[in-house]
Amino acid sequence: MRRTQRPDDFESRRAPLRELSDAELRERFWSLARLVVAPLVEQARTHTTPAIERSVLLRMGFSSAEAKTLVGRLHERGLLGRGAGRLVHELAQRHGLTPRDAGLALLEDRHWEELAG
Amino acid sequence: MKLRPDERLDLSELLRDLEHYRPRRRGWTWRRPLPDARIGPFRYAQVSEPLARSVPLPSAHAFGDIDPQCDVTITTEIASGRFEDDVRRMRMAAWHGADHIMVIRTTGQSHFDGLIEGTPEGVGGIPITRKQLRATRKALDAIEDEVGRPINFHSYVSGLAGPEMAVLFAEEGVNGAHQDPQYNTLYRGINVHRSFVDAAEAKRVMANAGLLQIDGAHNANATAKEAWKVTPELFVQHAVNTAFSMAVGMPAEQIALSTVPPTAPPAPKLRLDLPYAVALREVFAGCRFRAQQNTRYIESDTREATVTHVLDTLISRLTSADVQSTITPDEGRNVPWHYNNVAGVETARQTLMGLDGLDELLAMRRDGPLGELVRELIERGVLFLQEVLDQGGYHAAVESGQFVDSGYFPERRGDGIARDPEAGVGAGTVVPREPGYGAPVCSHFGANVYAESEGKACSAYGGCTLCDPTKIRYVDELDPDDNVERRLEAPLTERARGLLRPEVEKAGDGVVCVTLFVPDKPDVARAAGLELARRMGLRDPEVIHARVLHPAEGSVFEVKGVLDVALRADELVLPEQEARLPHAEIEAFVRPRNLHVVAATAGEDEHSVGLQEILDIKHGGIERYGFRCHYLGTSIPLERLLDAAEEYDARVVLVSTIVTHRDVHREQMRALHELATRRGLRDRLLLISGGTQVSDDLARGCGMDAGFGRGTTGQDVASFIVRRLREAPDA
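Quick caveat: nothing in here was measured; it's all calculated off a predicted structure. Chains are numbered independently. Their residues run from 1 in the order of the written sequence. Think of it this way: whatever chain is written first is A, whatever ligand is written first is 1, and the rest follow in order. The predicted nature of this model means local features are confined to residues of pLDDT at least 70 and side-chain atom pairs, given and counted, to a pLDDT of 80 or more, with totals for whole chains, interfaces and linings taken over all residues. Where side-chain values are given, they derive from all heavy atoms of the structure, hydrogens and water being excluded.

Undergrad: Teacher, can you tell me more about the domain arrangement of chain A here?
TA: Think of interface size as the accessible area that goes away when the parts come together; that is how it is often given. A domain assignment, automatic or from a database, supplies the domain bounds used here. Per the domain assignment, the segments making up chain A are domain 1 (10-46) and domain 2 (50-116). The C-alpha-based centres of domain 1 of chain A and domain 2 of chain A are spaced at 42 Å.

What follows is the structure, encoded as structure tokens:
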């Protein structure tokens with residue numbers, strides 16, 4: 001994309017803002033700012049990342065190293081979109097384990113077939 | 001762990017049983033204001049609750065050692081690379097008024113995709129790990145008990161591990177953090193999608209744990225070639241982070257804008273920086289303000305840096321600041337040294353105390369250039385936001401290099417930082433959440449099946465670590481060589497043997513700094529300065545500051561080097577320091593005895609202020625105890641002094657000598673002793689001299705009974721007199 005170069009043409013650009021009161025100008029500022037961030041917030045609401053999933057596993061009682069390995073393997077298998085925490089939690093419930101023990105079982109290469117579906 | 005003011009921090013105790021240490025609270029704590037306070041002789045309008053222990057400002061001795069504390073939080077940034085050295089510096093800074101300790105991360109941690117464990121040594125900062133955070137928090141808990149004020153601990157939630165870092169901070173009692181996804185994108189080359197998606201989760205965790213968030217807009221000041229021209233964009237960077245934070249659930253009062261007055265003299269600083277500061281506070285009313293000091297233009301001159309920082313702090317007082325951050329005056333030339341952290345903190349608190357109640361005295365004029373410039377800046381910010389949207393939104397604007405362009409928007413020079421939204425570190429790692437996506441934990445942001453259920457998302461398995469900290473997995477060390485225990489072997493052994501080395505940054509570094517003026521041309525003078533430092537025994541001398549005073553007459557240099565000397569503390573000869581006697585005990589001895597004292601400045605010396613303070617009742621002088629004081633005046637010949645002593649049958653002669661030119665003060669002391677001896681008065685008289693250049697050793701060497709230097713009080717002098725007269729045969 002070509003970079004823009006232009007002189008300071010503020011005086012002509014500001015003309016439409018002149019009629020706004022100070023309060024209206026601030027309101028304009030914030031309404032534009034909210035428009036800028038709205039798609040970013042929506043993307044965050046509907047997406048996840050390995051770091052988010054690791055942070056979920058940390059909160060479920062895993063060490064940083066366990067969380068990193070487990071999330072890495074889930075990511076490789078295309079399972080992160082279901083949520084590492086949910087997969088571990090449901091596996092634990094099915095087997096009557098704590099979430100951490102369920103995760104450790106996965107780290108020992110057990111139960112992966114149950115996650116496939 | 002409990003600290004004693006007369007003992008150094010016990011690092012072995014600090015590291016003991018960290019596995020079970022729990023922080024005592026979560027979230028940020030503000031100072032508690034004292035409205036309309038009276039402290040010592042003064043009324044204050046902007047102070048907070050006092051400290052239990054502190055080192056007052058230097059001039060406080062003239063006002064009864066008061067130590068008023070300003071109403072704003074004061075930050076110091078500490079990171080030598082070794083947290084075990086930093087905790088000692090934190091303690092010193094806390095005694096000087098810092099209550100927000102910010103720890104810089106080691107180079108490269110933001111690109112580490114995960115958490116680091118253990119205590120490896122860092123470069124330009126600390127690897128932030130659970131053990132390091134926990135040990136530091138434990139130290140700060142003990143330090144806050146010692147000084148009597150909560151201390152906020154702070155680091156960075158950025159890079160590729162933001163959400164995990166936020167969880168770690170919440171779990172370990174870190175109270176504030178930098179979090180701004182724009183920082184990752186613009187300065188760290190991290191993929192923009194990854195940055196913002198991570199940021200939402202991190203911010204939600206921080207919001208729920210009560211952490212104060214500081215944004216990253218100030219980095220544009222430090223990066224832009226002409227920092228004052230980036231101000232319109234700064235409104236936008238602050239707005240993007242603030243609006244995003246609020247949208248993911250962070251309340252405005254937890255959002256602090258990091259703002260730096262962008263210029264330094266000889267630029268007309270206030271005319272440029274004040275309108276910007278005012279405009280920002282108007283647009284972002286309701287948020288907090290973290291006022292940082294300027295680093296962009298300082299280099300090696302600590303005096304220059306200090307003046308700029310005073311002006312920065314003036315702008316904070318003229319507008320507002322919730323947190324006054326400080327920059328060490330040596331930041332332009334090296335990783336900050338212990339005493340420069342304290343210097344930076346003192347610059348801020350000294351300035352803030354001096355400006356107490358400024359609002360009651362001054363109001364800003366909005367009818368002149370200030371009002372026009374405030375309006376103009378906000379309009380430029382609005383135009384910038386409009387252009388972001390016109391380009392197709394934030395990602396497109398970043399791709400086109402709209403940010404950190406050196407033109408004063410809408411001027412564009414085409415040199416901004418451009419980032420491909422689909423590239424960068426961590427590109428391609430953002431995954432869409434499927435319809436059944438779930439995260440059974442607290443403080444999670446976004447679509448989540450567990451968010452729709454009743455109660456806490458984590459209740460099905462007994463609680464997440466934020467609800468049940470016993471579930472936290474503590475990892476001690478991973479590297480058998482690069483860890484704190486290994487690093488401490490040498491310094492702790494030396495400490496146990498009572499060895500002392502000078503230090504600026506790390507235990508035992510031996511670094512000292514000498515100041516030399518050399519009267520020659522700059523290049524000759526520099527070479528001479530280095531050679532002189534070598535001859536002083538300094539290894540690896542390096543000029544860290546040079547300033548030409550005149551191209552031919554000379555230059556001044558600060559030269560650092562290593563003084564490889566370890567002293568045994570128990571072999572040092574310490575001057576005997578007798579404790580002051582209590583007021584009542586002095587008075588009980590003096591009042592019934594009708595003791596006369598004659599006093600004067602001797603010879604040709606017109607300085608009398610110091611002596612008056614020792615004598616006058618209104619200055620806390622010795623008259624208060626009942627001494628009959630006869631002040632003869634200035635430039636009094638010694639014969640007249642002794643005549644008066646005879647006339648009043650005085651037991652004490654106080655003689656003040658300030659002028660030291662050609663050693664006249666020594667001559668006067670010797671002459672007084674000899675004259676008193678010749679006249680047969682010496683046995684009955686206590687001869688005491690005082691002055692800024694006088695020491696007890698020097699005075700005794702010249703025949704006096706005692707000498708008192710700078711900082712002496714009437715109580716010191718009276719204590720000496722009473723002790724000596726008690727031993728006298730006629731006591």
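Undergrad: Looking at this structure, how should I read the interface of chain A and chain B?
TA: Only heavy atoms enter the contact rule, under which two residues are in contact if any of them lie within 4.5 Å. Tallying the contact residues gives 63 residues for chain A and 86 residues for chain B. When two parts are brought into contact, each loses some accessible area as probed by a 1.4 Å sphere; the total of that loss over both is the buried area. Between chain A and chain B, a total of about 6500 Å² is buried, with carbon and sulfur atoms accounting for 64% of that surface. The rule for a salt bridge is simple: a side-chain nitrogen of Lys or Arg has to be within 4 Å of a carboxyl oxygen of Asp or Glu. Linking chain A with chain B are 9 salt bridges, by the criterion used here. Across the pair glutamate 282 of chain B and arginine 26 of chain A runs a salt bridge, and its minimum N-O distance is 4.0 Å. Pairs of N or O atoms are called polar contacts if they sit within 3.5 Å, as long as, within protein, a hydrogen donor faces a hydrogen acceptor (for residues adjacent in sequence, only side-chain-to-side-chain pairs). Across the contact surface, chain A and chain B share 30 residue pairs in polar contact (both at pLDDT 80 or more). Taken together, the elements giving at least two residues each to the side of chain A that touches chain B come down to α1 (10-13), α2 (22-46), β1 (47-48), α3 (50-59), α4 (64-76), α5 (84-95) and α6 (99-107) of chain A. Only Asp, Glu, Lys and Arg are considered charged in this grouping, and only Ala, Val, Leu, Ile, Met, Phe, Trp, Tyr, Cys and Pro are considered nonpolar; every other residue, Gly among them, is considered polar. Residues of the side of chain A that touches chain B, tallied by class, amount to 25 nonpolar, 19 polar and 19 charged. Note on conventions: DSSP H or I runs of at least 4 residues are helices, E runs of at least 2 residues are strands, and numbering of each starts at the N terminus.

Undergrad: Could you clarify how one ought to interpret the nonpolar core in this entry?
TA: Inside soluble globular proteins, nonpolar side chains tend to come together where they are buried. Residue and element names in this part refer to chain B. Phe169, Phe235, Phe244, Phe284 and Phe403 are the most contacted members of the largest nonpolar core, which has 162 residues in total. Residues contacting phenylalanine 169, with those up to four places away along its chain left out, are Ile128, Leu133, Ser155, Tyr156, Val157, Val174, Ala177 and Leu211. In these notes, a set of buried Ala, Val, Leu, Ile, Met, Phe, Trp, Tyr and Cys residues joined through side-chain atoms within 4.5 Å is what counts as a nonpolar core. Exposed residues in this analysis have more than 50% of their type's maximum accessible area, buried residues have under 20%, and partly exposed residues fall in between, with area computed by a 1.4 Å probe over protein chains only. Formed by 26 residues, the second largest nonpolar core is a distinct cluster that contains Ile586, Leu595, Ile688 and Ile721.

Undergrad: Looking at this structure, I do not really get the packing of helix α3 (residues 130-147) of chain B against helix α4 (residues 162-172) of chain B. What am I missing?
TA: What describes two packed helices is the angle between their axes and the distance between those same axes. Residue and element names in this part refer to chain B. Helix axes are fitted only over the stretch in contact, all axes being lines through C-alpha atoms; the angle between N-to-C directions runs from 0 to 180 degrees. For the pair α3 and α4, the least separation of the axes is 10 Å and the interaxial angle reads 30 degrees. In terms of axis orientation, α3 runs roughly parallel to α4. In this structure, α3 meets α4 at a crossing whose hand is right-handed. Residues Arg130, Leu133, Arg134 and Arg137 of α3 form the contact with α4, whose own contacting residues are Leu168, Phe169, Glu171 and Glu172. What sets the label is the angle itself: under 35 degrees gives roughly parallel, over 145 gives roughly antiparallel, 65 to 115 gives roughly perpendicular, and the rest give oblique. The crossing is said to be left-handed when, going from far helix to near helix, the turn is anticlockwise and less than a right angle, and right-handed when the turn is clockwise.

Undergrad: For this particular structure, what's the right way to read a nonpolar patch on the surface?
TA: Residues qualify for a patch when their relative accessible area is over 30% and they have no salt bridge, like charges being joined within 9 Å and the nonpolar side chains of Val, Leu, Ile, Met, Phe, Trp and Tyr within 5 Å. Areas reported here follow the Shrake-Rupley algorithm with a probe of radius 1.4 Å; residue values treat only the protein chains shown as occluding. A cluster of nonpolar side chains, Leu500, Val565, Leu567, Leu572 and Leu574 of chain B, forms an exposed patch at the surface whose accessible area comes to about 430 Å². Owing to a relative accessible area of 38%, leucine 500 of chain B belongs among the partly exposed residues under this scheme.

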